[in-house]
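Here's the letter readout for the chains.
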Amino acid sequence: MRNLVFKNLTSPHKKRRILSTSEVIENKGLLTRIRRNFVYIIKGIDENKKELPVPRLYILKIKDSRTNHEKFFCRVKGGLYLVNNSKLFYVIFSHSLTINLAPASATTNPAA
């Protein structure tokens, strides 16, 4: 069994876009949940700003051998400058990936 959910939340007034996917796979007694999130925020800036942000990377892996659950989480945060029609913009982004592995017989909600 495989379920996919896609979300595209765009706010032109706030200059924000959030893309999200959620996938649930049940195969051979293993329940796998994969979530991907991409967030982009656009800000117009003056041309005097030249300092680039320091990118950040977060990685977390948890394995519980008692309950046979495993979780992997990775997030990249940063920003970049873009030029469009001779205007300078600053784009803040955050990309995250979460993978949860559990026995299919676990009494957890697959939609979560």
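Structure: see above.
Since the model is a prediction, treat every value here as computed from it, not as a measurement.

A. Spatial organisation of the pairing of strand β2 (residues 16-27). Two elements, β2 and strand β3 (residues 30-44), share 12 bridges in a ladder whose sense is antiparallel. Bridge pairing in β3 places Ser22 opposite Arg35. In sequence, β2 turns back onto β3 through a hairpin of 2 residues, with Lys28 there showing a positive phi of about 55 degrees.

B. View of the pattern of salt bridges. Scanning the entire structure with this criterion turns up 3 salt bridges. Note that Glu23 is salt-bridged to Arg36, the shortest N-O span being 3.8 Å. Here Glu23, found in strand β2, pairs with Arg36, found in strand β3; they are 13 residues apart in sequence, far enough to count as distant.

C. Broad picture of the packing of aromatic side chains. For the coordinates displayed, the defined rule picks out 1 aromatic pair. Plain terms: the ring middles of Tyr81 and Tyr90 are 5.1 Å apart, the flat faces sit at 40 degrees to each other, and that makes the pair tilted. Judged by its relative accessible area of 17%, Tyr90 is buried.

Rules behind the numbers
Residues numbered from 1 in each chain as written. Predicted model: local features only at pLDDT ≥ 70, side-chain atom pairs only at ≥ 80, totals over all residues. Heavy atoms only, no water. Pairing = 2+ DSSP bridges. Helix = DSSP H or I, 4+ residues; strand = E, 2+ residues; numbered from the N terminus. Salt bridge = Lys/Arg side-chain N within 4 Å of Asp/Glu carboxyl O. Phe/Tyr/Trp six-rings, centres within 6.5 Å; stacked < 30°, edge-to-face > 60°. Buried < 20%, exposed > 50% of the residue type's maximum accessible area, 1.4 Å probe, protein only.

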